[in-house]
Structures are given as C-alpha cells and as structure tokens.
Amino acid sequence: MKLFILVTRLILGGLFFGHGAQKLFGWFGGYGLDGTGGFFESLGLRPGRQHAMAAGAAEAGGGALLALGLATPAASAAITGVMATAIRTVHQPNGPWVTENGWEYPAVIIATVLAIAETGPGSLSLDAALGTEHSGTGWALAALAAGVGGSAVLLRDWERPAPAPEG
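Before going into details, it helps to say that this report is about the structure given with it.

1. Observations regarding the nonpolar core
- The biggest cluster of nonpolar side chains holds 17 residues, and the ones touching the most others in it are L12, F16, L66, I79, M83 and I109.
- Among the secondary structure elements, those contributing two or more residues to this core are α1 (3-25), α4 (72-91) and α5 (104-119).
- Of all hydrophobic cores here, the second largest spans nine residues; its members include L24, F40, A55 and A60.

See below:
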C-alpha cells in the first residue's frame, strides 16, 4: 500500500494547497494576490500580481494533485518549480541553512516530491485507481527538468531593472 508515501502525499500536498490558497485567496492568514504581489514586486518579480497568481496556482494545484495522487509527476514538477523559484529569488544568497533563511527547506521539499514521483503515489491514489500511474527515475527526472526549466523561464527577466517611469 505504501502507507508512508500516502501520509507524505497528504501532508505535503495539503500544506502546499494551503500555501497556494494563502496567495490566491488570502485564506489561512495569507495576504491574497495583492499583498503577495506587493511582496513579489519588492523582490523584483514584476508584475507582482501575475507572479503571485502563478505561484499560488502552482502551489494550490500541485498540492491538490499530490494529495490526491493524481498526475503525480506533474504535481511534483509544479512544486519543484515554485521551490526552485523560491530558492533563486529569496534563499540562495543566504546559504543552505534554514536558520539563516537559506535554501535547506525548499531543497528538502524538492527531494521529497521527486522521491514520490520516482516511487509512485501508491495504491491509494487516483493515478492507481484510474490506471494512469507513471513512476520511475525517468518520470522523476522529467518532473525535475520541467520544474527547474519552468522556473528558469519565469525568471528569465527577473534580474533586469524595473522600467523607468514615463514622464
């Protein structure tokens, strides 16, 4: 049954759904699109509201899919993408340790979702019930490439200065 894969999927997927809902809807003490968009703007992610919407959708959607065990490699790719973006935009300059706001925690999340993609979501999953389960090293590597690649595309203009105001 892969009990601990199920438990991991439910916990991590549920928390990621909630994390995305904080960004999208302001649920669970979140700031919603406007507040999160303002924070993203302060990081140089412009336009901030659109970046907040993309991050929230990837987190909530990827989290829901992961918890359900549905389209597991895609769920892993979505979560990997937002964590790779968080590493690059927030955590990378601080070194590895979470005590210094480093990239340790996002890296553990990436490793976890890729392990789930490799081992599969287990028999108590919608992928298994629908006969659409895809797992293995190739699927995990594809999820890694899609997540990191998607993040790179999203951030391709990130370090450019903000446009000068017209006037």
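2. Examining unusual backbone geometry
- In this structure, P47 follows R46 across a cis peptide bond, with omega equal to -5°.
- If you trace the backbone, P47 turns up in the loop between α2 (32-42) and α3 (48-68).
- Located in the positive-phi region is F28, a residue other than glycine, with phi close to 55°.
- Secondary-structure assignment places F28 in the loop between α1 and α2.
- Even without glycine at this site, N101 takes up a positive phi of about 60°.

3. Digging into the layout of surface pockets
- The volume enclosed by the largest pocket comes to roughly 900 Å³.
- Taken together, the elements giving at least two residues each to the lining of the largest pocket come down to α1, α2, α3, α4, α5 and α7 (137-154).

4. Some points on a nonpolar patch on the surface
- Together, M1, L3, F4, V7, I11, L15 and L124 line one region of the surface with nonpolar side chains, adding up to about 730 Å² of accessible area.
- Following the sequence through the fold, F4 ends up in helix α1.
- A relative accessible area of 65% places F4 in the exposed class.

5. As for the environment of L3
- Locating L3 in the fold gives a position in helix α1.
- Between the C-alpha atoms of L3 and G147, which are 144 residues apart in sequence, the distance is 26 Å.

6. Description of the side chain of T89
- Mapped onto the elements of the fold, T89 is located in helix α4.
- Relative accessible area serves as the criterion here: at 11%, T89 is assigned to the buried category.
- Engagement of the side chain of T89 in a polar contact is seen with the backbone oxygen of T85, the distance being 2.8 Å.
- Apart from the residues within four sequence positions on either side, T89 is in contact with L43, L45, L155 and W158.

7. A look at the environment of F40
- Within the element layout of this structure, F40 appears in helix α2.
- Overall, F40 belongs to the buried group, its relative accessible area being 10%.
- The contact partners of F40, leaving out residues within four places of it in the chain, are K23, L45, G48, H51, A52 and A55.

8. Some details on the packing of α1 against α3
- One can describe the packing of α1 onto α3 by two numbers: an axis separation of 7 Å at closest approach and a directional angle of 155°. Here α1 lies roughly antiparallel to α3, going by the angle between them. By crossing handedness, the relation of α1 to α3 is classed as left-handed. Mapping the contact onto sequence places R9, L10, L12, G13, G14, F16, F17, H19, G20, A21, K23 and L24 in α1 and A52, M53, A55, G56, A57, E59, A60, G63, A64, L66, A67 and L68 in α3.
- In the contact of α1 with α3, the residues fall into 15 nonpolar, six polar and three charged.

So, how was this worked out
- Residues numbered from 1 in each chain as written.
- Predicted model: local features only at pLDDT ≥ 70, side-chain atom pairs only at ≥ 80, totals over all residues.
- Heavy atoms only, no water.
- Core = buried A, V, L, I, M, F, W, Y, C linked by side-chain atoms within 4.5 Å.
- Buried < 20%, exposed > 50% of the residue type's maximum accessible area, 1.4 Å probe, protein only.
- Helix = DSSP H or I, 4+ residues; strand = E, 2+ residues; numbered from the N terminus.
- 1 Å grid on protein atoms, 1.4 Å probe; cavity = no way out; pocket = protein on both sides within 12 Å on 5 of 7 lines; lining within 4 Å.
- Points joined across faces, edges and corners; volume = space filled by probe spheres on them.
- Patch = residues over 30% accessible without salt bridge, like charges linked within 9 Å, V, L, I, M, F, W, Y side chains within 5 Å.
- Areas by Shrake-Rupley, 256 points an atom, 1.4 Å probe, with all protein chains shown as cover.
- Salt bridge = Lys/Arg side-chain N within 4 Å of Asp/Glu carboxyl O.
- Polar contact = N/O pair within 3.5 Å; in protein donor to acceptor, adjacent residues only side chain to side chain.
- Contact = heavy atoms within 4.5 Å.
- Axes fitted to C-alpha atoms, helices over the stretch in contact; angles between N-to-C directions.
- Parallel < 35°, antiparallel > 145°, perpendicular 65-115°, else oblique.
- Left-handed = near helix turned anticlockwise from the far one by under 90°.
- Nonpolar A, V, L, I, M, F, W, Y, C, P; charged D, E, K, R; others polar.

Note that all results are geometric; they support no functional claim without further evidence.
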